[in-house]
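# Observations on chain architecture
The chain contents come next:
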Amino acid sequence: MSDTKSKFRPESLMMSYGYKPELSQGAIKCPIFQTSTFVFENAEAGKSFFELAYGLREKDADEEMGLIYSRLNNPDLEILENRLCLWDEAEACAVFESGMSAISTVMMEFLNPGDYILYSNPLYGGTYHFVKNVLSRFGIHALAFHAHEPEDKIAEIIEEHGIGDKLKMIYIETPANPTNQLVDIRACRSVADKYATDDKPVYLTVDNTYMGPLWQHPLQHGADIIVYSATKYIGGHSDVIAGAVLGNAEVITRVKTLRTFLGNMAGPWTGWLLMRSLETLKVRMTQQAENAAEVAKFLRDHPKVQTVHYLGFLNEKDSPDNYRIFKRQLSSAGAMISFDIKGGEKESFRFLNGLKLIKLAVSLGSTESLAEHPSSMTHSDVTPDDKALYGISDSLVRISIGVEHSDDLISDCSQALDLV
Ligand SMILES: *Cc1c(COP(=O)(O)O)cnc(C)c1O
């Protein structure tokens, strides 16, 4: 397997990797293993599978984990997990029935009462709610830094609050939603290292939903854990909710063990849908990024548009820090654009209501383009002060660019701007 891994690129392996047709009547595609349990060949096999599943003995060099029960493992999930590992060059992966279950399981596994989590703001709304309202009930404390703050400022926050010995996880989202502010993964690694001790690791977790798994590979910049909402680019068709966690074997074994007991693994049907999606991941994302570049240029030149937040417009002169992170950390400007229309909520609503091809919906990363109004929709929970700080104004519109023809996307934006 490791030979195959090094020889072919991920996009070449998405159709076949990890699947053995001879085990499924020669079917070229992995069937949906819609089954709750698996028949053991004999009692000895059952015993041996359980020994592995419960960690009672080490796995032999070429031994595969036996199939037991679909809450523990299922071929659709295992093959999907193996394929997801290829993109991020991760040792192991665990898939979930939603991005939120992936995120919450990671936090529950690695944080204990009394621990601190330091996160970048703004955070995905669901994650923010979980940290503030759920973790807090278990005595887990949270502190935030602003996505645009430099490394020394992050360490300063830790010092100021005197929580260095209680810091257990740094959790970041980069680019930040919706304004594409970048967080330096390597800088966060060095802060995490500063407060880690032999018996208290500080895990660096990156929500890579916005850029992954094609354009940003956090493990290569020092992250320990990647979390995904696979609902977005990985699923890519706005028809499935799912999540994934990637990291080294030790981390993922812990995540999978908690997953077994929370029972929030993805089902076989979800696994199958995501495998189907992964076959086109690269062509979809590549086209989306190309389209986004065209649409961003059109918006920048439009007289009714004030500012466009698009990573492709970063430059050394105006934003040297962001530009430096972009060059090192990302291989594409992505397909998320936000922009301020001249005016306020009234003007942005006119634009959103006037769109014909682009759909008015939250979510992102899908084949169809989606537009929304962060201030009153995805970020309506954010306090007015924080909104001002992050540039989430009433005139801000966010668009996730899909695979339509870029000229059609531009003409749709153009006619909707005419109505403003
Ligand atoms: C959508 C999203 C999530 C939550 O994922 P679900 O699949 O909806 O549970 C988490 N983080 C980011 C950045 C997202 O966009």
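These numbers come from a predicted model, not from an experiment.

Cut-offs and rules
- Residues numbered from 1 in each chain as written.
- Predicted model: local features only at pLDDT ≥ 70, side-chain atom pairs only at ≥ 80, totals over all residues.
- Heavy atoms only, no water.
- 1 Å grid on protein atoms, 1.4 Å probe; cavity = no way out; pocket = protein on both sides within 12 Å on 5 of 7 lines; lining within 4 Å.
- Points joined across faces, edges and corners; volume = space filled by probe spheres on them.
- Helix = DSSP H or I, 4+ residues; strand = E, 2+ residues; numbered from the N terminus.
- Nonpolar A, V, L, I, M, F, W, Y, C, P; charged D, E, K, R; others polar.
- Domains from an automatic or database assignment.
- Near = heavy atom within 4 Å.
- Polar contact = N/O pair within 3.5 Å; in protein donor to acceptor, adjacent residues only side chain to side chain.
- Areas by Shrake-Rupley, 256 points an atom, 1.4 Å probe, with all protein chains shown as cover.
- Contact = heavy atoms within 4.5 Å.
- Axes fitted to C-alpha atoms, helices over the stretch in contact; angles between N-to-C directions.
- Left-handed = near helix turned anticlockwise from the far one by under 90°.
- Salt bridge = Lys/Arg side-chain N within 4 Å of Asp/Glu carboxyl O.
- Buried < 20%, exposed > 50% of the residue type's maximum accessible area, 1.4 Å probe, protein only.
- Phe/Tyr/Trp six-rings, centres within 6.5 Å; stacked < 30°, edge-to-face > 60°.
- Lys NZ or Arg CZ within 6 Å of the ring centre and 35° of its normal.
- Buried area = accessible area lost by both parts, 1.4 Å probe.
- Pairing = 2+ DSSP bridges.

### Some remarks on the layout of surface pockets
If you add up the space inside the largest pocket, you get close to 2,100 Å³. Contributing to the lining of the largest pocket are 50 residues, with K59, E64, M65, N73 and E78 lying nearest its centre. Elements with a contribution of two residues or more to the lining of the largest pocket: helix 1 (2-7), helix 3 (43-53), helix 4 (75-88), strand 1 (92-96) and helix 9 (249-262). Counting residues per element, the lining of the largest pocket draws most heavily on helix 9, which supplies eight residues. Considered class by class, the residues forming the lining of the largest pocket number 26 nonpolar, ten polar and 14 charged. Estimates place the volume of the second largest pocket at around 380 Å³. Here the lining of the second largest pocket takes three residues from strand 8 (residues 305-309), the largest share from any one element. Split by domain, the lining of the second largest pocket shows at least three residues from each of two domains, domain 1 (74-278) and domain 2 (281-418).

### Examining the site of the ligand
Lining the immediate surroundings of the ligand are 13 residues, of which M100, D207, S229, T231 and K232 lie closest. Residue M100 places a main-chain N or O atom 2.8 Å away from an oxygen atom belonging to the ligand. Residue T231 places a side-chain N or O atom 2.6 Å away from an oxygen atom belonging to the ligand. If the ligand stood free it would expose 380 Å²; the protein chains cover 93% of that surface. It is helix 5 (residues 99-110) that provides the largest number of residues to the shell around the ligand, a total of three residues. Across the shell around the ligand, the residue classes break down as six nonpolar, five polar and two charged.

### Re the environment of M108
Structurally, the position occupied by M108 is in helix 5. Each C-alpha atom of the pair M108 and L135 lies 7.9 Å from the other, and the pair is 27 residues apart in sequence. Beyond its immediate chain neighbours, meaning those up to four positions away, M108 contacts F130, L135 and L258.

### Points about the packing of helix 4 against helix 10 (residues 268-279)
Packing of helix 4 against helix 10 leaves a shortest axis separation of 8 Å and a crossing angle of 35°. Between helix 4 and helix 10 lies a crossing of left-handed hand. From helix 4, D76, L77, I79, L80, R83, L84 and W87 reach across to helix 10, where they touch P268, G271, W272, L274, M275 and L278. Looking at side-chain class alone, the contact of helix 4 with helix 10 contains ten nonpolar, one polar and two charged residues.

### Thoughts on the pattern of salt bridges
By the definition in use, this model includes 16 salt bridges. One salt bridge in this structure joins R57 and E63, with 2.9 Å as the shortest N-O distance. Residue classification places R57 among the partly exposed residues on the basis of a relative accessible area of 26%. Between E81 and R259 there is a salt bridge, with the nearest N and O atoms lying 2.9 Å from each other. Pair noted here: E81 is in helix 4 and R259 is in helix 9, with a separation of 178 residues, a long-range link. Relative accessible area serves as the criterion here: at 3%, E81 is assigned to the buried category. Here R259 falls in the buried class, since its relative accessible area comes to 2%.

### Side note on the packing of aromatic side chains
Counted by the stated rule, this structure contains nine aromatic pairs. An angle of 75° between the planes, with centres 6.4 Å apart, marks the rings of Y119 and Y128 as edge-to-face. Classification of Y128 by relative accessible area gives partly exposed; the value is 29%. Of the aromatic side chains, those joined through ring pairs into one cluster are F40, F49, F50 and Y54. Its guanidinium or amino end placed over the ring of F96, R259 lies 5.8 Å from that ring's centre, counting from NZ or CZ. For R300, the ring lying beneath its charged end belongs to F313, and the centroid distance is 4.0 Å.

### Brief notes about the domain arrangement of the protein
Here the protein is described as being made up of domain 1 (74-278) and domain 2 (281-418). Computed from C-alpha coordinates alone, the two centres of domain 1 and domain 2 are separated by 24 Å. In this complex, domain 1 contributes 34 residues to the contact, which on the side of domain 2 involves 40 residues. Carbon and sulfur atoms supply 59% of the area that domain 1 and domain 2 bury against each other, a total of about 3,300 Å² over both sides. By the criterion of area lost to domain 2, the three top residues of domain 1 are L182, W215 and Y233, representing 23% of everything that side buries. Across the contact surface, domain 1 and domain 2 share two salt bridges.

### Section: the sheet that holds strand 1
Reading across the sheet, the seven strands line up as 1-7-6-5-4-2-3 and stay open at both edges, with mixed pairing between neighbours. The strands lining the two open edges of the sheet, one partner per strand, are strand 1 and strand 3 (141-146). Averaged over all adjacent pairs, the angle separating strand axes in this sheet is 20°, with direction ignored. Two elements, strand 2 (residues 116-121) and strand 3, share six bridges in a ladder whose sense is parallel. What sits directly across from S120, in strand 3, is F145. Across the face of the sheet, helix 7 (residues 151-161) comes into contact with strand 2, strand 3 and strand 4 (167-173) while running at roughly 145° to strand 3. Strand contacts of helix 9: strand 1, strand 5 (203-207), strand 6 (225-229) and strand 7 (243-247), with the helix running at about 25° to strand 1, the strand carrying the most contacts.

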